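Notes for the structure review
As a plain string of letters, each chain reads:
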Amino acid sequence: MKIRVLGSAAGGGFPQWNCNCSNCDGVRRGTVKATRRTQSSIAVSANGEDWLLVNASPDLLAQIAANPELQPARQARDTGIAAVLVMDAQIDHVTGLLMLRERGAPLPLYATDAVWGDLGTGFPIGPILSHYCGVEHRPIALDGRPLDIPALPGVRIDPLPLLSKAPPYSPHRAAPQRGDNIGLVVTNLATGRRAFYAPGLGQLEPHVLEAMRGADLLLVDGTTWTNDEMIRLGFSKKTAADMGHLAQSGENGMIAVLDSISGARERPRRKVLIHINNTNPILIEDGPERRVLDEHGIEVAYDGMTFEL
Ligand code: MLT
Ligand code: MN
Ligand code: ZN
């Protein structure tokens, strides 16, 4: 089973088009040691030919171009993207669905009822695509059963409900619903190896920690270093926690959480931060924050990073 990071940045990407923070300005000018990143998405494959796209980023077309496996060219019109799963209805995770409109057949789309509802109302991608390829909604029930994904034989996907909020344009923004945000446990049934993926992880509920303890690969929320990062830079009035993200530093931050789930295990566990906001100092590859991560055995995802499980 392969997992390919298509986009490792949070919403806005790195550099963000209108941002001149020291990271964005520095990477544009080449004055800092940092690497450009596109917006949040991974792809999973059992056979290296058929892929489940997990989150459809606004940068999807560039990501397909950068990953030729997603275009196997078996016929005049073709794609390696057999189906899409979206983990929430946020702009950075669903906008790319519109870019798939030229498909010849309806797009199989795995989404919870809460997310599918938002994609029929607040951000009506479903109704829009009905005028093009159409969408075949495959509900994610959150009833404890794994998803049935024919494109991924031998791979089990278990969705987990996460506490967070629907996007600002959701009709139920003020009344969070189960299924607004999910995490995934992706297991290769042949090797028993599993990944836990949650690009937005504001609160570590017991069922989430349990799933993390059982994983060989943790691909988790790396949005900000400090909770008030965006406020201090004058870019937002919201903390990371307000946006459903757990900052890395601090007593109960992501580094502390990842340390706490260490412990002895047969196979080494990789801990990788993903969905990194352009303001995050961990983007500076020779910076002090990156050294702190190194000391804790934590990696930073980059576009194209690939895991074989
Ligand atoms: C998030 O991850 O909190 C959202 O993607 C934020 C955004 O869309 O700007
Ligand atoms: Mn996001
Ligand atoms: Zn920036």
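Residues numbered from 1 in each chain as written. Chains lettered and ligands numbered in written order. Predicted model: local features only at pLDDT ≥ 70, side-chain atom pairs only at ≥ 80, totals over all residues. Heavy atoms only, no water.

As annotated in an unreviewed UniProt entry, the protein is Coenzyme PQQ synthesis protein B from Trinickia symbiotica. Here the protein is described in UniProt, under the heading Function (unreviewed entry), as follows: "May be involved in the transport of PQQ or its precursor to the periplasm." The UniProt entry for the protein carries the following comment under Sequence similarities (unreviewed entry): "Belongs to the PqqB family." (UniProt positions renumbered as here; feature names shortened; annotations may be inferred.)

Attention shifts here to the coordination of the zinc ion (ligand 3). The protein atoms that coordinate the zinc ion (ligand 3) are Cys-19 (SG), Cys-21 (SG), Cys-24 (SG) and Asn-278 (OD1), at distances spanning 2.3 Å. Around the zinc ion (ligand 3) sit four donor atoms, and with donor-metal-donor angles ranging over 98 to 120° the site reads as tetrahedral. Taken in sequence order, the residues that donate to the zinc ion (ligand 3) follow the motif C-x1-C-x2-C-x253-N. Residues Cys-19 and Cys-21 agree in their burial class; the two are buried. (Donors = N, O, S within 2.8 Å, 3.2 Å for Na, K, Ca; no water. Tetrahedral: all angles 85-135°; square planar, octahedral: opposite > 155°, others 65-115°. Buried < 20%, exposed > 50% of the residue type's maximum accessible area, 1.4 Å probe, protein only.)

Right, let's talk about the coordination of the manganese ion (ligand 2) for a bit. Summarising the metal site, the manganese ion (ligand 2) is bound by the protein donors Asp-92 (OD) and His-275 (NE2), whose distances to it range over 2.1 to 2.2 Å. Residue Asp-92 is found in helix 3 (residues 91-94), and its partner His-275 is found in the loop between strand 11 (270-274) and helix 9 (288-295); the two are separated by 183 residues along the sequence. Exposure class is identical for Asp-92 and His-275. Each is buried. (Helix = DSSP H or I, 4+ residues; strand = E, 2+ residues; numbered from the N terminus.)

We now examine the nonpolar core. Formed by 35 residues in total, the largest nonpolar core has its most connected members in Phe-196, Leu-201, Met-212, Val-220 and Leu-258. Secondary-structure elements contributing two or more residues to this core are helix 1 (22-29), strand 9 (194-198), helix 6 (206-213), strand 10 (217-221), helix 8 (254-260) and strand 12 (298-300). Leaving out residues up to four positions away in the same chain, Met-212 has contacts with Phe-196, Leu-201, Leu-204, Leu-218, Val-220, Val-257, Leu-258, Ile-261 and Arg-269. By size, the runner-up hydrophobic cluster in this structure holds 32 residues, among which are Leu-52, Tyr-110, Ile-149 and Leu-309. (Core = buried A, V, L, I, M, F, W, Y, C linked by side-chain atoms within 4.5 Å. Contact = heavy atoms within 4.5 Å.)

Let's shift gears to the site of ligand 1. Lining the immediate environment of ligand 1, one finds Gln-90, Asp-92, Met-243, His-245 and His-275. Taking Asp-92, its side chain carries an N or O atom lying 2.9 Å from an oxygen atom of ligand 1. With respect to ligand 1, the side chain of His-245 contributes an N or O atom lying 2.8 Å from an oxygen atom. Relative to its free-state accessible area of 270 Å², ligand 1 is covered by the protein chains to the extent of 67%. The site holding ligand 1 turns out to be the largest pocket. Of the residues in the shell around ligand 1, the class split is one nonpolar, three polar and one charged. (Near = heavy atom within 4 Å. Polar contact = N/O pair within 3.5 Å; in protein donor to acceptor, adjacent residues only side chain to side chain. Areas by Shrake-Rupley, 256 points an atom, 1.4 Å probe, with all protein chains shown as cover. 1 Å grid on protein atoms, 1.4 Å probe; cavity = no way out; pocket = protein on both sides within 12 Å on 5 of 7 lines; lining within 4 Å. Sits in = over half its atoms within 2 Å of the grid points. Nonpolar A, V, L, I, M, F, W, Y, C, P; charged D, E, K, R; others polar.)

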